[in-house]
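Working through the structure, step by step
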Amino acid sequence: MSYVSCALRAAAPCCLPAPWRSPRPFSSATGPTAKKSVPYQKTLKEEGSGTGEPSRPLPPSAEVVVVGGGSLGCQTTYHLAKQGVTSVVLLERDRLTSGTTWHTAGLLWQPRPSGVEVELLAHTRDVVSRELPAETGLHTGWVENGGLFIASNKQRLDEYKRLMSLGKAYGVESYVLTPSQTKDLYPLMNIDDLYGTLYVPKDGTMDPAGTCSTLARAATARGATIIENCPVTGIQVRADNFGVKRVYAVETAHGTIQTPCVVNCAGVWARALGRLAGVHVPLVGMHHAYVVTERIEGIQNMPNVRDHDASVYLRLQGDALSVGGYESNPIFWEEVSEKFAFGLFDLDWDVFMQHIEGAINRVPVLEKTGIKSTVCGPESFTADHKPLMGEAPEVRGFFLGCGFNSAGMMLGGGCGRELAHWIIHGRPEKDMYGYDIRQVASVSLPSRRFHHSLTDNNRWIRERSHESYAKNYSVVFPHDEPLAGRNVRKDPLHEELLRQGCVFQERHGWERPGWFSPRGAAPVLDYDYYGAYGQERHRDYTYNRLLGDEYTFDFPPHHDIIKNECLTCRNALALFDMSYFGKFYLVGPEATKAANWLFTADVSKAPGSTVYTCMLNKRGGVESDLTVSRISPGDPASPLAPAFEGDGYYLAIGGAVAQHNWSHITAVLQDMKLQCKLLDCSEELGMMSIQGPLSRVVLQEVLDTDLSNEAFPFSTHKLTTAAGCTVRAMRLSFVGEMGWELHVPKADCVKVYQAVMQAGARHGITNAGYRAIDSLSIEKGYRHWHADLRPDDTPLEAGLAFTCKLKSSIPFLGREAVEAQKAKGISRRLVCFTTEEKVPMFGLEAVWRDGKVVGHIRRADFGFAIDKTIAYGYIRDPTGGPVSLDFVKSGSYELERMGVTYPARAHTKSPFDPDNKRVKGFY
């Protein structure tokens, strides 16, 4: 018999401290070993003949073909059938659950740092514990034994308390326990080093075979067809009359199925399947492992354990435990085998031993417990540790449901339902923006998640996937930044700002200014893999040290530096480099027709006008907020004023959401078959925003145009010169001050920047970054898309009714939904809160009204001009009634931060400059 303690001694040379003993090479050449047992009574490989022939004949056509019979494939097929798509076919190359799902641990943990993910997990739990048993009369293997989150320090417990507060808004039951209470609940646990725990009694585990077989039974009962032993060999793609590529058919070794829609749920093999359609799927395969112990007396009915600080989980398996985790040196699966189905890899103890050490510390009885089996199989991982879902930008009708980072079982139900809704209705029901494959760009498009220069870069994919894997159990701090895959996209001012102490943030490959350190340059260095794979860790790494200083849920140590940037903007002026913004042109004979339909505001004004507007989906949800400027034709070679026939509009969009905007607009133009083009000049133009009471005085020295209110009013733009360079100046503000944006050809950016800084020097100008923008914008009440605004929020709920041209007769996308909601009354409303007590908040805090939880905070920051914490969140009436302004005003509010409530005041207008005088130049 092999004992856990023996494995620990055999695997770990005593001369090296855990968890970096015996670093492994970058990848393993070891192929799959013979089939081994896993901790389930059966796998679906035992069913069927295994002859290699398809389990049933192929139909000639289908509305939807799902490829891959794992958790996501089965869940998506079930939910498609449940939502009325009866002509759906699931193709599995071997047997259901083969590849990854059959050996997964099947854990479900409800607490998450995202309200959407909490809802997705809740639906999975409901499907396996209630829906499927009710439909089929079968038990899925769901075991509700609870979950226990271990905290060995204050920061970790603070993180758990944040998750607890958010969970209250979604009905997730959880309790913070003391070490002694934890011992009472789990007598075998070592509590000597515990700071506290979070207990979630309704967490549990799923049996992958039981779940998938029950899903298959339920889906076929609703008309779906499931065909095993049928590998896909090709995807037929054809271009329509407008040159748009669309799915036409799926080819297999046993025939072809004509279909307009394919769903890639192939897991580790999704990348190869994508290539068949010309779709890039940025994920990697890695070895992911756990061991199963022999029987442990007294372990029965104990909750599952997640000890993040030890990077280990303990899953109850009857009267034994499964032990696994996320190591710092995972093994990449370089050559993904097409034949791999129910095999496993040999466990590399040098890699895995760090989990054994943590497990023995937490449950000491493991030291004398035998190991019954080892399970090391393939899992797919992505560069940001989020799944890849939705319709691919390269090919219409090709959907993804893959890259689930070892969470395919727990997210499967929620994501399967959303993916089905996406396929049927063109968009998901919930906000799935963070998972959307459309944020992965093709060669010509920018992207929030992964730019083409990143997804085609194997080094970048490897680095970021490694860091996401290795940090999976790390505390999620508000201001953390990646160290992997940096310095890929730099704007024209990067080196200039770096010399001045800029501490950069990374957003979809761009290095954008975060804040400015008075201690000088803090460059981002090449990735060192945290010392894994024999890499030498960086010494005296200033940037990493600055990040580490901010690993706190209190006010960060650089709070006063950001305060200075904010107050200098409020009292004098600041320059913000916003060059990573998306900059698009919508031009052509039918550009105005497109603009009228796309944008909620009336943008068909005279050239020189700039309008703040939203774009909506059919349900009235906000897909974007942006500025749209009417322009005149210019020089064919000019990125500032391109030549075009017909009408033209210049779109400036937050860089983190630029690809989402591109995808939304492109899909609308394709569906409406309009004669206009969308041009991307994001890389050709820089963008500087000069904001503050003294911005006019300084810029009047630099710009060759009259900046008076009469000559250059708010929400207008014009071409002018600065330091001898042609620029487009726009009088706009993202921070609530008088100011101008300068849109500048990239070759001229440094020259214009230096001219502005020189003119502003005697007026006290400062550089400022996005940390300051976050504070200044929330203080003014300006919305941030995907924080205050999401595709499941409407402009009426978000306080943006003024952006909708409802008084006109001009139709726009989403208008009918907005008008219907206006007539009915809104059931939730975005509300601004302030607290008198100066306490840091970052979002996820529960909102209490008259003793009841009515919502949670989406975004929070500190407002330095009003000297208060500011938070925005959507609230509901617990009785289900409309949320009117009177309802908002009549309540007594508290915000719950980490289990502690703080009295709060609700505002129906911005607490700073509610009359908008400052942006218009009235001080």
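Here we summarise the structure given alongside this text.

Considerations on the overall build of the chain
- Looking only at helices and strands, one finds 21 helices and 39 strands in the chain.
- Since a compact globule built from 923 residues should have a radius of gyration of about 29 Å, the 28 Å found for the chain is in line with a globular shape.
- With respect to the three principal axes, the spread of C-alpha positions in the chain is 85 × 65 × 55 Å.
- Considering the chain as a whole, with its 923 residues, one finds that 62% of them fall into the buried category.
- Total accessible area on the chain is roughly 33,200 Å²; 50% of this is exposed by carbon and sulfur atoms.
- Taking the average place of the 99 positive charges on the side chains of the chain and the average place of its 103 negative ones, the gap between the two points comes to 3 Å.

Thoughts on the sheet that holds strand β28 (residues 677-680)
- Strands sit in the order β25-β26-β27-β24-β28 across an open sheet of five strands; the sheet is antiparallel. Strand pairing shows two members of the sheet lacking a second neighbour, β25 (610-616) and β28, which therefore form its edges. Shown here is a sheet whose adjacent strand axes are inclined to one another by a mean of 30°, direction ignored.
- Looking at chain direction, strand β26 (residues 622-631) and strand β27 (residues 647-653) are connected through five bridges and run antiparallel. Paired with Ser 629 across the strands is Tyr 650, a residue of β27.
- Here helix α15 (residues 591-598) sits on the sheet in contact with β24 (582-588), β25, β26 and β27, set at roughly 125° to β24.

Section: the environment of Gly 648
- Of note, Gly 648 is situated in strand β27.
- Considered as a pair, Gly 648 and Val 587 are 61 residues apart in the sequence and their alpha carbons are 4.3 Å apart.
- Not counting residues within four places of it along the chain, the set of residues in contact with Gly 648 comprises Leu 586, Val 587, Ser 629, Arg 630 and Ile 631.

Comments concerning the pairing of strand β19 (residues 398-402)
- Counting buried positions along β19 gives five out of five residues, so the element sits mostly inside the fold.
- In this sheet, β19 lies alongside strand β12 (residues 262-264) in parallel orientation, the contact comprising three bridges. Within β19, the position partnered with Val 263 by the bridge is Phe 399.
- Hairpin connection, strand β18 (residues 388-391) to β19: the antiparallel pair is bridged by six residues, and Gly 397 has positive phi, about 90°.

Cut-offs and rules
Residue positions are given per chain, counted from 1 along the sequence in the order it is written. Thresholds applied to this predicted model are a pLDDT of at least 70 for local features of residues and 80 or more for the giving and counting of side-chain atom pairs; totals over whole chains, interfaces and linings are not thresholded and use all residues. Working from all heavy atoms in the structure, the side-chain values ignore hydrogens and water. For the purposes of this entry, the term helix denotes a DSSP run of H or I that reaches at least four residues, the term strand denotes a run of E that reaches at least two, and both are numbered from the N terminus. Between the two quantities, the radius of gyration covers C-alpha atoms and the globule rule is 2.2 Å times the number of residues to the power 0.38. Buried residues are those whose accessible area, probed at 1.4 Å on protein chains only, stays under 20% of the maximum for their type, while exposed residues exceed 50% and partly exposed ones sit between those limits. Throughout, the Shrake-Rupley method with a 1.4 Å probe supplies accessible areas, and for residues the shown protein chains are the sole cover considered. Counted as positive: Lys and Arg. Counted as negative: Asp and Glu. His and the chain ends are not counted at all. Where a charge lies is defined by one atom per residue type: Lys uses NZ, Arg uses CZ, Asp uses CG and Glu uses CD. Only when DSSP finds a minimum of two bridges between them are two strands counted as paired. Each axis is a line fitted through C-alpha atoms, taken for helices only over the stretch in contact, and angles between the N-to-C directions span 0 to 180 degrees. Only heavy atoms enter the contact rule, under which two residues are in contact if any of them lie within 4.5 Å.

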